Amino acid sequence: MKNKGLIIGGAIVIFLFLIIGWGVGVYNDLVSLDEGVAQAWSQVENQYQRRADLIPNLVNTVKGVANFEKETYTAVAEARSKVNNIKLTPDMLSDPNALKRFQAAQDNLGSALSRLLVTVERYPQLKANENFLQLQAQLEGTENRISVERRRFNQIVQQYNMKIRRFPGNIIASFAGFREKQYFKAVQGAEKAPKVQF
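For clarity, every value in this text was computed on a predicted model and none was experimentally measured.

Colleague: Would you mind showing me how to read the side chain of Arg-51 here?
Modeller: With respect to the helices and strands, Arg-51 occurs in helix 1 (residues 2-65). Judged by relative accessible area, Arg-51 falls into the buried class, the value being 3%. Sequence-distant contacts of Arg-51, defined by excluding residues within four places in its chain, comprise Gln-106, Leu-109, Gly-110, Leu-113, Leu-139, Thr-142, Glu-143 and Ile-146.

And the structure:
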């Protein structure tokens with residue numbers, strides 16, 4: 001009888017260790033994925049910062065070469081200022097409104113830059129300016145990098161969100177306070193092809 005009690009007691013202890021080990025493993029996976037989201041976010045921010053750093057040089061080059069429309073570079077400067085005023089920490093990635101505000105400011109800046117580059121087409125001397133061409137190429141490369149980093153960010157957010165929503169990991173996630181992160185989404189109306197008129 002005594003041996004039977006020891007066996008049952010030992011089995012219960014082993015079972016508890018397995019459950020605790022499983023919980024610790026799930027928690028550690030969640031922490032790793034959460035850190036992955038933060039790291040991916042820092043790469044997105046890095047590319048946005050690169051773009052923000054290029055803009056003053058681009059605008060000054062354009063202003064220096066062309067008698068440029070003041071409203072266009074004013075719009076770019078204002079959009080850049082708004083972008084710089086919005087700080088989104090990795091902790092805020094669970095807040096859909098914070099990410100929407102950040103994304104709206106970035107989209108507004110992208111739109112202002114597009115208007116700047118379209119307006120530049122009217123100035124042949126700018127198209128021949130080597131400084132401008134280099135800055136334009138760097139800006140195009142940065143826009144591509146932003147797109148790549150946003151895609152990577154969305155992939156790691158997907159992995160994280162799946163982990164915290166799947167059973168039985170969702171139990172550990174809810175106890176530990178892990179919350180769903182937000183994705184970058186396309187700009188409203190992006191599904192429609194732009195109209196080109198000549």
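Colleague: Explain the packing of helix 3 (residues 96-120) against helix 5 (residues 130-165) to me, please; I cannot follow it from the model alone.
Modeller: Each pair of packed helices can be described by the angle between their axes along with the distance between the axes. It is at 13 Å that the axes of helix 3 and helix 5 come closest, and there the two elements cross at 150°. The angle between helix 3 and helix 5 falls in the class roughly antiparallel. Here the hand of the crossing between helix 3 and helix 5 comes out left-handed. Here Gln-103, Asp-107, Leu-113, Leu-117 and Val-120 of helix 3 come into contact with helix 5, specifically with Phe-132, Gln-136, Leu-139, Glu-143 and Arg-150. Residue classes in the contact of helix 3 with helix 5 are distributed as 5 nonpolar, 2 polar and 3 charged.

Colleague: It is not clear to me how the packing of helix 5 against helix 6 (residues 169-176) should be interpreted in this structure. Could you clarify?
Modeller: It is the contact of helix 5 with helix 6, at a shortest axis distance of 6 Å, that shows an interaxial angle of 95°. In terms of axis orientation, helix 5 runs roughly perpendicular to helix 6. Within the contact between the two elements, helix 5 uses Lys-163, Ile-164 and Arg-165 and helix 6 uses Gly-169, Asn-170 and Ala-173. Class assignment of the residues belonging to the contact of helix 5 with helix 6 gives a composition of 2 nonpolar, 2 polar and 2 charged.

Colleague: What exactly am I supposed to notice about the packing of aromatic side chains here?
Modeller: The geometry of an aromatic ring pair comes down to the distance between the two centres and the angle between the two planes. Tallied over the entire structure, the rule returns 7 aromatic pairs. Here Tyr-48 and Phe-102 contribute two aromatic rings whose centre-to-centre distance is 5.6 Å and whose plane-to-plane angle is 70°, an arrangement assigned as edge-to-face. Residue Tyr-48 is located in helix 1, and its partner Phe-102 is located in helix 3; the two are separated by 54 residues in the primary sequence. Look at Phe-102 and you get buried, because its relative accessible area is 5%. Measuring from centroid to centroid gives 5.6 Å for Phe-153 and Phe-184, while their planes differ by 70°, and the two rings are edge-to-face. Here Phe-153, found in helix 5, pairs with Phe-184, found in the segment after helix 6; they are 31 residues apart in sequence, far enough to count as distant. Taken as a pair, Phe-153 and Phe-184 share a single burial class, namely buried. One aromatic cluster is present, built from ring pairs that chain together Trp-41, Tyr-48, Phe-102, Phe-153 and Phe-184.

Definitions and cut-offs
- Residues numbered from 1 in each chain as written.
- Predicted model: local features only at pLDDT ≥ 70, side-chain atom pairs only at ≥ 80, totals over all residues.
- Heavy atoms only, no water.
- Helix = DSSP H or I, 4+ residues; strand = E, 2+ residues; numbered from the N terminus.
- Buried < 20%, exposed > 50% of the residue type's maximum accessible area, 1.4 Å probe, protein only.
- Contact = heavy atoms within 4.5 Å.
- Axes fitted to C-alpha atoms, helices over the stretch in contact; angles between N-to-C directions.
- Parallel < 35°, antiparallel > 145°, perpendicular 65-115°, else oblique.
- Left-handed = near helix turned anticlockwise from the far one by under 90°.
- Nonpolar A, V, L, I, M, F, W, Y, C, P; charged D, E, K, R; others polar.
- Phe/Tyr/Trp six-rings, centres within 6.5 Å; stacked < 30°, edge-to-face > 60°.

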